[in-house]
Amino acid sequence: MKADFALGAALTTIADHWNNQVNSLLQACGHISNHLDYTKNAHAGDEYHIVTSLSALDLNRAFGEGKQG
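In this report, the structure presented in the accompanying data block is examined. These figures come from a predicted structure and were not determined experimentally. Here, residues in each chain are numbered from 1, in the same order as that chain's written sequence. It should be noted that, the model being predicted, local features are given only for residues of pLDDT at least 70 and side-chain atom pairs only at 80 or more, the latter also being counted only at that level, while totals for whole chains, interfaces and linings use all residues. Working from all heavy atoms in the structure, the side-chain values ignore hydrogens and water.

**Concerning the overall build of the protein chain**
Then comes step 1: Helix numbers and strand numbers start at the N terminus; a helix is a DSSP run of H or I with at least 4 residues, a strand a run of E with at least 2. Scanning the protein chain from terminus to terminus reveals two helices and zero strands.
Then comes step 2: Classification of residues uses two cut-offs on accessible area relative to the type maximum, computed with a 1.4 Å probe and protein chains only: under 20% is buried, over 50% is exposed, and between them is partly exposed. When burial is assessed residue by residue, the protein chain has 1% of its 69 residues classed as buried.
Then comes step 3: Accessible surface area values rest on a Shrake-Rupley calculation with a 1.4 Å probe, where residue burial reflects the displayed protein chains alone. Summing over all exposed atoms, the protein chain offers an accessible surface of approximately 6,300 Å²; the carbon and sulfur share of this is 62%.

Dropping the structure here:
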């Protein structure tokens, strides 16, 4: 079809362009995924500290409110 019709060459060009775009999108998604994994691991200690701090504050407030009443 490519050799005999202009449409065949046009479809091949479109398919090549489509494949290049899909590959670019896959690479971008991989880059974003890697960055999110890195960020999650880099801040894991911060998350633990925040959760334990908030839990301690909630406990302190709960016991403090019990003494006032």
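**Here we look at a nonpolar patch on the surface**
Then comes step 1: Each patch is built from salt-bridge-free residues with over 30% relative accessible area, joining like charges within 9 Å and nonpolar side chains (Val, Leu, Ile, Met, Phe, Trp, Tyr) within 5 Å. Any carboxyl oxygen of Asp or Glu that lies within 4 Å of a side-chain nitrogen of Lys or Arg is treated as forming a salt bridge with it. A surface patch of nonpolar side chains, amounting to about 420 Å² of accessible area, comprises Phe5, Leu7, Leu11 and Ile14.
Then comes step 2: Inspection of the secondary structure assignment puts Phe5 in the segment before helix 1 (6-42).

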